[in-house]
Amino acid sequence: MNSPVEDRLREALAEAGAAIDPSTLRPLRAPQRRRLRMNFRLVAVAVAVVLAGVATAAGLGGLEGEDHVVATNPEQADMAVFLCTKSAPKETLCRGRDVSLEEVRAVERAVRGLTQVEEVFFVDQASAYDSFRVSFADNKALLDLVKVTDMPMSLRLEIKEGADPREVQQALRGLPGIRSVVDRKAASAEASASAERLSEPRLSVFLCGKGSTLPACAAERESRGKDKLSAKRGKEATYAQKTAIRKLIEAMPEVHSYVFEDKKAAYENFIRAYKSNKAIVEATRVEDMPESFRLVLKPNTDWAETVATLKRQPGVASANYIPCLAVQATLEIDYGLFLHDSKVCPISK
């Protein structure tokens, strides 16, 4: 599914998991694995409570059967289907509203009809919120920022051995009520591979590539019908834009040093980092790689202002403060939350 997570990974293919501690991205396996089915009478109650404007009570999401297991936090699953909330990003199909009961039922029917899916678990808002508060107990600013009603309900999927998760994402593409679909196993592999690149510069500025889907690169999104989106692809950064960005970086007093990484260098680094993942290496070409400037900032620098300035430059697809990526990745993959780096990371003083 063309979710915000995948868009970011596409634009920063070799970087998306940089500086991520693999221990923060728990591998997804359901505890006490049993073949169980969802009790959507309980889900209906959860949705009704959400629509009434009240946080979902813990334990409403459940599975029925003689062996009863409730997924009470975002622990272990191969994939996650996050459902809509009013606070979902504009890039999703949520359109500023919570998932409806009809949409939940439609998503459930679609998921249960997929031959690739082995098991399905439901995680309600309150359970996800409790897990979130445990995971980020040392980040008071983040805890104060996120409310229980911001947490999307989700379906957690166990995929059959040998099945292709991309087929699941494709089948769920564009379904109303879905906020995002995340391949958790692939994301964990991405994080593990990227852990080898911890020594990289602390700020990365990725340039627009041909066919970008980001508005910063002049891509446009428009509505067609009730729930479908189509995109006008963006433009690649020009030589003049690259020159202007370089001059700006050289003039910044907060920059200690920088390097420019072209497509060939990015591809070589990518191959080294992911040499153990034959499938992704074979599927990636030199022209897929983003060009970027990699910056090392001086100590005690207000990185947020530097990032904001660079993001405004024509030809820049994104600028990322590397320590924030670990936090953002955990939020997106474990909880379906998409928050700006200035909100999830403290500013150096």
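So, a few notes on the structure that sits alongside this text. (Residues numbered from 1 in each chain as written. Predicted model: local features only at pLDDT ≥ 70, side-chain atom pairs only at ≥ 80, totals over all residues. Heavy atoms only, no water.)

**With respect to helix α8 (residues 239-251)**
Applicable threshold: Numbering of helices and strands runs from the N terminus; a helix is a DSSP stretch of H or I covering at least four residues, while a strand is a stretch of E covering at least two. Helices are assigned an expected span. That span is 1.5 Å times one less than the residue count. Only protein chains enter the accessibility calculation, which uses a 1.4 Å probe. A residue is then buried if its area is under 20% of the maximum for its type, exposed if over 50%, and partly exposed in between. The arc refers to the directions leading from the helix axis to the C-beta atoms.
Taking 1.5 Å per residue, 13 residues should reach 18 Å; α8 reaches 19 Å between its end C-alpha atoms and fits that length. For α8, the complete set of buried residues consists of Lys242, Ile245 and Ile249. All buried residues of α8 fall inside an arc of 65° around its axis, so they share one side. Every exposed residue of α8 that faces more than 90 degrees away from the buried side is listed here: Tyr239, Ala240, Lys247, Glu250 and Ala251.

**Observations concerning the state of the cysteines**
Which entries qualify depends on this criterion: Here, two cysteine sulfur atoms that lie within 2.5 Å of each other are counted as a disulfide.
Applying the stated rule across the entire model yields two disulfides. For cysteine 208, the disulfide goes to cysteine 217, at an S-S distance of 2.0 Å. Torsion about the S-S bond of the cysteine 208 and cysteine 217 cystine: about -85°, corresponding to left-handed handedness. According to the relative accessible area criterion, cysteine 208 is buried, its value standing at 5%.

**Regarding the environment of leucine 142**
By the element assignment, leucine 142 lies in helix α5 (residues 140-145). Residues leucine 142 and valine 344, spaced 202 residues apart in sequence, show a C-alpha to C-alpha distance of 5.8 Å.

**Topic: the sheet that holds strand β12 (residues 316-321)**
Rules: Only when DSSP finds a minimum of two bridges between them are two strands counted as paired. Lines fitted to the C-alpha atoms define the axes, with helices restricted to the stretch that makes contact. Angles between their N-to-C directions range from 0 to 180 degrees.
Across the sheet, which stays open at both edges, the four strands sit in the order β10-β11-β7-β12 with antiparallel pairing between neighbours. Strands with a single pairing partner mark the edges of an open sheet, and in this sheet they are β10 (255-261) and β12. Sheet twist, expressed as the average angle between the axes of neighbouring strands with direction ignored, equals 15°. As judged from the four bridges shared by strand β7 (residues 203-207) and strand β11 (residues 292-297), these two strands associate in the antiparallel manner. From the neighbouring strand, leucine 203 faces β11, where its bridge partner is leucine 295.

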